[in-house]
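The residues making up each chain are set out below.
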Amino acid sequence: MKVVIAPDSYKESLTAKEVCNAIETGFRRVFPDAEYHSVPVADGGEGTVQSLVDATNGKLVEVELTGPLGNPVLAFYGILGDDSNTAVIEMAAASGLHHVPPLYRDPKNTTSFGTGELITLALNTGVKRLIIGLGGSATNDGGIGMMAALGVRFLDQNGQSVPLNGQGLHQIESIDISHLNPKLNECELLIASDVDNPLCGELGASAIFGPQKGATSADVEYLDNGLQHYSNKIEQCLQVSVAQTKGSGAAGGMGAAFMAFTRAVIKPGITVVLEAVDLISKMENTDLVLTGEGRIDEQTVHGKTPMGVAQLAKQFSIPVIGIAGCLGKNHQVVYECGIDAVFAATPRALSLDEALEHASENVTNLAENIANLWRLQY
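Predicted model only: the values in this text are computed from it and were never measured. (Residues numbered from 1 in each chain as written. Predicted model: local features only at pLDDT ≥ 70, side-chain atom pairs only at ≥ 80, totals over all residues. Heavy atoms only, no water.)

## Here we look at the packing of aromatic side chains
Under the definition given, this model contains three aromatic pairs. A network of ring pairs unites the aromatic residues Phe154, Tyr230 and Phe261 as a single cluster. (Phe/Tyr/Trp six-rings, centres within 6.5 Å; stacked < 30°, edge-to-face > 60°.)

Here it is, written out as structure tokens:
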């Protein structure tokens, strides 16, 4: 029997690799001689770098750089093990909301400069392919901080550099790309994002994502006006239209920056990750696929890891079972989209702390129970 294990991480509890190990341990208690293929997966958001590093036996590189508030933060990027020419980055590692204490959250003041530094460091290793996950941003600067770190100059009416944050967007009068890092054109850029919001307007970056970053209603209008001004200058200087382009509003407008200043290709996060780990090659002659995430609910069908894995498995008519820390509202919708059964690992009523502390043990025990059920058909 061949079993493919391809879960996401359980947030704040287990990495995707740890989930793989727990599931395999439980299944081996019942099927010790089965053939197991463990592939840690993510959907392009938090945990993507760790999952791809683990799945390919790559390496994680920790660095200190500029955080969203301009202070030093510890961040990281990954180099894939099966392809040392590929680096993977989560923009949140450098410019994420978790770097900003709640009392200081104000997207008028935060910058994506650190993400540009992170990209520069990865490019300097000589990689020819760069995977960048968008999500968890603390910023609403349209990516001007990131692009400034990569050599673009955003100038005011006096020819001086503007502040590299949400406030600086209003002051841009010209854009100088003559010093843009040439390594960007020598490297394939693949952007993982599940956000299709435009840059501006009622569905734009400021209106939809600004409040969770600390923006007031007045801030939202101010920031949206800034992004509209920025998009006008991009169109004027670069002849590229980004204001209403799908995906341009991702990560506080970072999507727009990639569209305007690079040749990046933007794809759904789970698609990027599944291609990177080459999960499809593991599916041949597979009898069962086990996937999961911390909570399986009605949102799972919207581009989350279990759904991406299930849809790939269904191309080969392979049964798919989901293993979650818990099951949420309307989780049954996953049955219509490729997952055949789902189970929660919590064996009884537990506090959150207990559930997190005993997550590995509970997942292992659940996997053993599922294996015993699976054995009934033999």
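## Some thoughts on the sheet that holds strand β11 (residues 288-291)
Note on sheets: strands pair through backbone hydrogen bonds, and any given pair is parallel or antiparallel. Ordered in space as β2-β1-β11-β13-β15, the five strands form an open sheet in which the pairing is parallel. The open sheet is flanked by β2 (35-38) and β15 (341-344), the only strands paired with a single partner. Here the strands of the sheet are splayed against their neighbours by 20° on average, with no regard to which way each runs. Examined bridge by bridge, strand β13 (residues 320-324) and β15 share four bridges and lie parallel to one another. Within β15, the residue paired with Ile321 across the bridge is Ala341. (Pairing = 2+ DSSP bridges. Helix = DSSP H or I, 4+ residues; strand = E, 2+ residues; numbered from the N terminus. Axes fitted to C-alpha atoms, helices over the stretch in contact; angles between N-to-C directions.)

## Digging into the environment of Glu173
Structurally, Glu173 can be placed in the loop between β7 (153-155) and β8 (174-176). Note on Glu173: relative accessible area 34%, which makes it partly exposed. Here the alpha-carbon distance between Glu173 and Asp54, two residues 119 residues apart in the chain, equals 45 Å. For Glu173, the contacting residues outside a window of four places in its chain are Leu155, Asp156, Gln157, His229 and Lys233. Within the local environment of Glu173, its side chain forms a polar contact with the side chain of Lys233, the two groups lying 3.2 Å apart. (Buried < 20%, exposed > 50% of the residue type's maximum accessible area, 1.4 Å probe, protein only. Contact = heavy atoms within 4.5 Å. Polar contact = N/O pair within 3.5 Å; in protein donor to acceptor, adjacent residues only side chain to side chain.)

## Focus: the packing of helix α1 (residues 16-28) against helix α12 (residues 359-375)
Interaxial distance between α1 and α12 falls to 7 Å at its minimum, and their mutual angle equals 40°. When the axes of α1 and α12 are compared, the pair comes out oblique. Crossing hand, α1 versus α12: right-handed. Every residue of α12 that contacts α1 at Val19, Ala22, Ile23, Thr25, Gly26 and Phe27 is listed here: Ser360, Val363, Thr364, Ala367, Glu368, Ile370 and Ala371. Across the contact of α1 with α12, the residue classes break down as eight nonpolar, four polar and one charged. (Parallel < 35°, antiparallel > 145°, perpendicular 65-115°, else oblique. Left-handed = near helix turned anticlockwise from the far one by under 90°. Nonpolar A, V, L, I, M, F, W, Y, C, P; charged D, E, K, R; others polar.)

## Looking at a nonpolar patch on the surface
Among the surface-exposed residues, Leu69, Leu103 and Tyr104 lie close enough to one another that they form a single nonpolar patch of about 390 Å² accessible area. Structurally, the position occupied by Leu69 is in the loop between β3 (59-66) and β4 (72-79). (Patch = residues over 30% accessible without salt bridge, like charges linked within 9 Å, V, L, I, M, F, W, Y side chains within 5 Å. Areas by Shrake-Rupley, 256 points an atom, 1.4 Å probe, with all protein chains shown as cover. Salt bridge = Lys/Arg side-chain N within 4 Å of Asp/Glu carboxyl O.)

## Thoughts on the pattern of salt bridges
A complete count under the given rule lists 10 salt bridges for this structure. Of the charged contacts in the structure, one is a salt bridge between Lys267 and Glu275, with a shortest N-O distance of 3.3 Å. Between Asp297 and Arg295 there is a salt bridge, with its nearest N and O atoms 3.1 Å apart. Connected through shared salt-bridge partners, Asp106, Lys108 and Asp219 make up one network.

## Looking at helix α10 (residues 305-314)
The buried fraction of α10 amounts to eight of the 10 residues, a majority that puts the element mostly inside the structure. Lining the buried residues of α10 we find α9 (269-276), β11 and β13.

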